[in-house]
Amino acid sequence: MMNLKKTILLLLAIAVKFSVVNAQQEDFSFENNELPLEERVEILVSQMTTEEKIAQLVNGAPAIPRLNIPDYDWWNEALHGVARNGKATVFPQGIGLGATFDPELAHRVASAISTEARAKYAVSQHMGNHSKYAGLTFWTPNVNIFRDPRWGRGQETYGEDPFLMSKMGVAFVKGLQGDHPVYLKSAACAKHYAVHSGPEEVRHTFNAEPTQQDLYETYLPAFEALVTEAKVEGVMGAYNAVFGEPACANTFLLKEVLRDRWNFDGYVTSDCGAIGGIVWKQKFVKTAPEAAAVALKAGVNLNCGGTYGNLQKALELGLITEELIHERTKQLFKTRFRLGIVGNAGDNPYANIGSDKIHCAEHVELAREVAQKSIVLLKNKNNTLPLAKDIKVPYVTGPFANSGDMLIGSYYGISPNLVTVLEGVADAVSLGTSLNYRSGALPFHKNINPKNWAPNVAKESDVTICVVGLTADFEGEEVDAIASGAIGDKVDLKLPQNQIDYVKQIAEVKKGPLVLLIASGSPVSLEGIEEHCEAILQIWYPGEQGGKAVADVLFGDISPSGHLPLTFPKNVDQLPPYEDYSMKGRTYKYMTKEPMFPFGFGLTYSKTELSGLTLSRTKLKKSESLDVKVDVANMGDYDIDEVVQLYVCPVDTTGGIPLKSLKAFNRISLKKGEQKQIAFSIPPEQLKVVNEMGKKVWRKGQYKIVVGNASPGKLSVDLGAAAPQEVMVVLR
């Protein structure tokens, strides 16, 4: 018995000694904030086993208790507010933000989102919630070009123009990431890199082969701007292949362009399931270990999914090295150190943001402001709008007049304060107003009951406000758009037939004017409808305060000031085949057919006049900038915001270069009767064109400089845009 007791004591002593020695072996100097980031990361990661490193390369990374590393899930979304993570302010969808043409506003929105994110993260950590969507690595923004209006996810982007996309995207990333010299407020991610915009149904398998000209003129500029100007922390590889290689195994995109040419120093994540798709859907390799290996070698640090669970097997097969696993893991911990969620981060100012900032009054009011500024007035016959608040008998109708779903679009947070259009109007009109409401039409299919009194109410109404359109059930991601017959995309651009029929029924019997409100994240064809409406407002998916913002515009508290961030074609027949990634015939830059509403167009309740266009020079050498000044006057009776836009239009468009290109814009405020001089400076790099070889070149010749409040063309002026100012310059 005594010998047994001695043996037990001896074993305990050995265990204690081993534990002490083992503890002493752990080097926690990586928690020293004074050390350079690279050194801290190396100290930490070098202490991990290969198995531990591999486990860190998936989105649901486990804890490593012996190194004080908590578990962390990288997957999070913040497209227009903290998403899928409970209570948060819901801002207008990305396409609505694009319609504001206001990078400063985009920065304010993103800053508000990251403030709420930090506050929510602190609360989640305190309660031990480390789940998906509770972190600080946001897979936002989506800067894929909205090249075809049938794409259901185009609503997530800022539009069809790479220059506008770049300016809005850079501002949004800077707002998400903050301006601290050491710490990130949150980590933004540019997605989906790089040639990806539908069709949704084949997004896992199609191979995009753009021309070199289209690649560098259209598909890459926004990504380049986010990496080189905004220093975006993350980049997400797309599902599809580009030039025959899956985007998440594409050495050209991930190494040659992203790392070597743009000097990207952040992490690369796959889209969710994309690495598994390399083998199972694209058949690019034969086995899962091979898929994991080609992605890791190409440059993907993080696997959203489980295929990197095969890296150990890939290592045993000699497909990858331990050194490569080590390097890919280090990059992920750079991000976690920058966020201050690993190591000692006691001096991180973002860690002290309180829960009172979550859905606070300031952010709710900002959501309302963005919605106000995003609404585009497309038509206003005989100054139908604004309406008087003491109007006697207004009628609000349509399938989305009282819809909360319509407000939020895709990738949304949860607000306890959704304000529908009906609620916004009800709160705006006089208490003596006899406001009526009926929905009148089911949104996506024919009414079941053939009897319907709703159209007849328009016979007795001083104005009929009809809210039609779509929701994220109809257009969106393949797995979410449950009402889409095209797996998230649109087959054509028309409204669902039941809505078209309902608008025409109202038009046949209406007493007062018909005001059409269109809720959508993409262009809607108004053929056969437009002529029946006295006024038309495009309201997008306007966020939680959408109803109040719509009422602010309808009743003249705010003049509409949004401008279209993409072309509205007349019909789907004006579009090239959806699957074709050539830009020929697409967007305002290449479209030769006359659309219904042009890019950059948007009316106000006032009248804008431009005059006095002057240029610093009319002949430029390739080292010279072009300085442009123009006078902009508000000649009407309402205070307005206006978006002044500068386009460069080459006289010679041979060689596939754009017919016109947005090169500068400025959103300004003008009191009634006020005039301002606006100045633009166009650097010589922006005056270059991308040739058919994909090279930026100084192409000599004549170019028209056009400054207006819509894209150049007779249609813009015919629809009510200001007459543009034009001057010819020569590049020599």
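Every value quoted in this text rests on a predicted model; they were computed, and no experiment measured them.

## With respect to the packing of helix H11 (residues 288–298) against helix H13 (residues 322–339)
Here is step 1 of the chain: As a packed pair, H11 and H13 sit with axes 10 Å apart at the nearest point and diverge in direction by 60°. Taken together, the axes of H11 and H13 lie oblique to each other. For the pair H11 and H13, the sense of crossing is left-handed. Side by side, H11 and H13 meet where Leu296, Lys297 and Ala298 of the first sit next to Leu324, Ile325 and Arg328 of the second.

## Some remarks on the packing of helix H5 (residues 103–126) against helix H14 (residues 361–374)
Here is step 1 of the chain: Two elements in contact, H5 and H14, have axes whose closest approach is 11 Å; the angle formed by their N-to-C orientations is 150°. If you check the angle between H5 and H14, you find them roughly antiparallel. Crossing hand, H5 versus H14: left-handed. Contact with H5, carried on its side by Leu105, Arg108, Val109, Ala112, Thr115 and Glu116, involves His363, Leu366, Glu369, Val370 and Lys373 of H14 and no other residues of that element.

## With respect to empty space enclosed by the protein
Here is step 1 of the chain: In this structure the tally under the stated criterion is two cavities of 30 Å³ or more.
Here is step 2 of the chain: The computed volume of the largest cavity comes to approximately 90 Å³.
Here is step 3 of the chain: What lines the largest cavity is a set of 13 residues, and nearest its centre among them are Pro149, Glu160, Thr567, Leu575 and Thr587.
Here is step 4 of the chain: The residue makeup of the lining of the largest cavity, split by class, is six nonpolar, three polar and four charged.
Here is step 5 of the chain: Every residue lining the second largest cavity is listed: Gly708, Asn709, Ala710, Ser711, Pro712, Gly713, Ser716, Val717, Ala721, Ala722 and Pro724.
Here is step 6 of the chain: Looking at side-chain class alone, the lining of the second largest cavity contains six nonpolar, five polar and no charged residues.

## Some thoughts on the layout of surface pockets
Here is step 1 of the chain: Within this model, the largest pocket holds a volume of roughly 940 Å³.
Here is step 2 of the chain: In this structure, the largest pocket is lined by 35 residues; those nearest its centre are Pro221, Glu224, Glu685, Gln686 and Lys696.
Here is step 3 of the chain: At the level of elements, helix H6 (162–177), helix H7 (212–219), helix H8 (221–228), strand E18 (640–650), strand E19 (661–670), helix H21 (684–687) and strand E21 (689–690) are the ones that each hand at least two residues to the lining of the largest pocket.
Here is step 4 of the chain: Looking at the lining of the largest pocket, the element that brings in the most residues is H6, giving five residues.

## Section: the side chain of His359
Here is step 1 of the chain: Looking at where His359 falls in the secondary structure, it is placed in the loop between H13 and H14.
Here is step 2 of the chain: Sequence-distant contacts of His359, that is, excluding residues within four places in its chain, are made with Lys87, Ala88, Thr89, Glu116, Val364, Ser415, Pro416, Asn417 and Glu544.

## Some thoughts on H7
Note on helix geometry: an α-helix contains 3.6 residues per turn, so any two residues three or four positions apart are oriented the same way.
Here is step 1 of the chain: Of all eight residues making up H7, six are buried, and the element is well covered by its neighbours.
Here is step 2 of the chain: If you check which residues of H7 are buried, you get Gln213, Asp214, Leu215, Glu217, Thr218 and Tyr219.
Here is step 3 of the chain: Tucked into the core, H7 has its buried residues touching H6, H8, helix H9 (251–261), helix H20 (587–590) and E21.

## As for the pattern of salt bridges
Here is step 1 of the chain: In this structure the tally under the stated criterion is 38 salt bridges.
Here is step 2 of the chain: The salt bridge partner of Asp552 is Arg368, with a shortest N-O separation of 2.9 Å. One end of the pair, Asp552, is in helix H19 (residues 546–554); the other, Arg368, is in helix H14, and 184 residues separate them in sequence.
Here is step 3 of the chain: With a relative accessible area of 6%, Asp552 lands in the buried category.

## Thoughts on the nonpolar core
Here is step 1 of the chain: Ranked by size, the top nonpolar core spans 111 residues in total, and within it Trp139, Tyr193, Val232, Leu258, Tyr308, Ile320 and Leu662 carry the most contacts.
Here is step 2 of the chain: Looking at which element gives the most residues to this core, the answer is H6, with nine residues.
Here is step 3 of the chain: Once residues lying within four places of it in the same chain are set aside, the contact partners of Leu662 are Phe101, Asp161, Phe163, Leu164, Tyr588, Phe599, Gln645, Leu646 and Tyr647.
Here is step 4 of the chain: One finds Ala441, Ala458, Phe597 and Tyr605 within the second-largest nonpolar core, a separate group that totals 70 residues.

Rules behind the numbers
- Residues numbered from 1 in each chain as written.
- Predicted model: local features only at pLDDT ≥ 70, side-chain atom pairs only at ≥ 80, totals over all residues.
- Heavy atoms only, no water.
- Axes fitted to C-alpha atoms, helices over the stretch in contact; angles between N-to-C directions.
- Helix = DSSP H or I, 4+ residues; strand = E, 2+ residues; numbered from the N terminus.
- Parallel < 35°, antiparallel > 145°, perpendicular 65-115°, else oblique.
- Left-handed = near helix turned anticlockwise from the far one by under 90°.
- Contact = heavy atoms within 4.5 Å.
- 1 Å grid on protein atoms, 1.4 Å probe; cavity = no way out; pocket = protein on both sides within 12 Å on 5 of 7 lines; lining within 4 Å.
- Points joined across faces, edges and corners; volume = space filled by probe spheres on them.
- Nonpolar A, V, L, I, M, F, W, Y, C, P; charged D, E, K, R; others polar.
- Buried < 20%, exposed > 50% of the residue type's maximum accessible area, 1.4 Å probe, protein only.
- Salt bridge = Lys/Arg side-chain N within 4 Å of Asp/Glu carboxyl O.
- Core = buried A, V, L, I, M, F, W, Y, C linked by side-chain atoms within 4.5 Å.

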